[in-house]
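Observations on chain architecture
Residue-level listing of the chains:
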Amino acid sequence: MTSSLARRINLLGWLVVATGCGVSAPDIPLAASCAAGTIPVQLEQGVAVQGLPAAVCQAFAKVLVEYRATFEADWGGVPLQEEQWTIRVRVGSTVDADGHTGITYHRSRIVDIAEQSPETFPHELRHVQLGPGSDDHHGWCRNFEPWEERVLGVDERTYLGCPR
């Protein structure tokens, strides 16, 4: 085996390992489950509800369907059904201790969205669409962030490290 071939095999092995990396979604207590079309939606226990949790879950599902349609009109389809993704609406304004308003867990096929920030769902759809390699947001300042700002009114320049 040549050293060039050995380097390529090592690189391929590294890519396979890197693609399999990632964190699994944490378990959460559920208040309700419903569907956004055929996509399962789960409502975390503690999400503010007025009325029945199932009805609140459906209201969130409707909003998520609208954000998905807006996203797909400009960015193309997202294989949520085909890849059996689940969307979880989480309690509060963030979904983790780092202050994220949404997280895509590729390993678990789960997208978490903070109950107070459903407008960040298209950002997570972009992660689903691009796959695990999109975690570094490479190239998003040039194309995706301007779209988010123009269409959704979401300014992620600081978060993504985009120039002003």
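A brief structural summary. (Residues numbered from 1 in each chain as written. Predicted model: local features only at pLDDT ≥ 70, side-chain atom pairs only at ≥ 80, totals over all residues. Heavy atoms only, no water.)

Judged by nonpolar contacts, the single largest core of 30 residues is most densely connected at V41, L43, L80, V89 and F121. The set of elements that each furnish at least two residues to this core consists of β1 (30–36), β2 (39–44), α2 (53–75), β3 (86–90), β5 (110–114), α3 (121–130) and α4 (144–152). Per element, the largest residue contribution to this core is 6 residues, and it comes from α2. In this view, V41 contacts A32, S33, C34, A35, A36, C57, A61, I87 and V89; residues no more than four positions away in its chain are not counted. In this structure, A25, V95, I103 and A114 belong to the second largest nonpolar core, which totals 6 residues. (Core = buried A, V, L, I, M, F, W, Y, C linked by side-chain atoms within 4.5 Å. Buried < 20%, exposed > 50% of the residue type's maximum accessible area, 1.4 Å probe, protein only. Helix = DSSP H or I, 4+ residues; strand = E, 2+ residues; numbered from the N terminus. Contact = heavy atoms within 4.5 Å.)

Examined against the element boundaries, T120 turns out to sit in the loop between β5 and α3. T120 sits in the buried class, given a relative accessible area of 6%. In terms of polar contacts, T120 uses its side chain to reach the backbone carbonyl oxygen of S117, at 2.9 Å. Not counting residues up to four positions away in its chain, the partners in contact with T120 are T101, G102 and I113. (Polar contact = N/O pair within 3.5 Å; in protein donor to acceptor, adjacent residues only side chain to side chain.)

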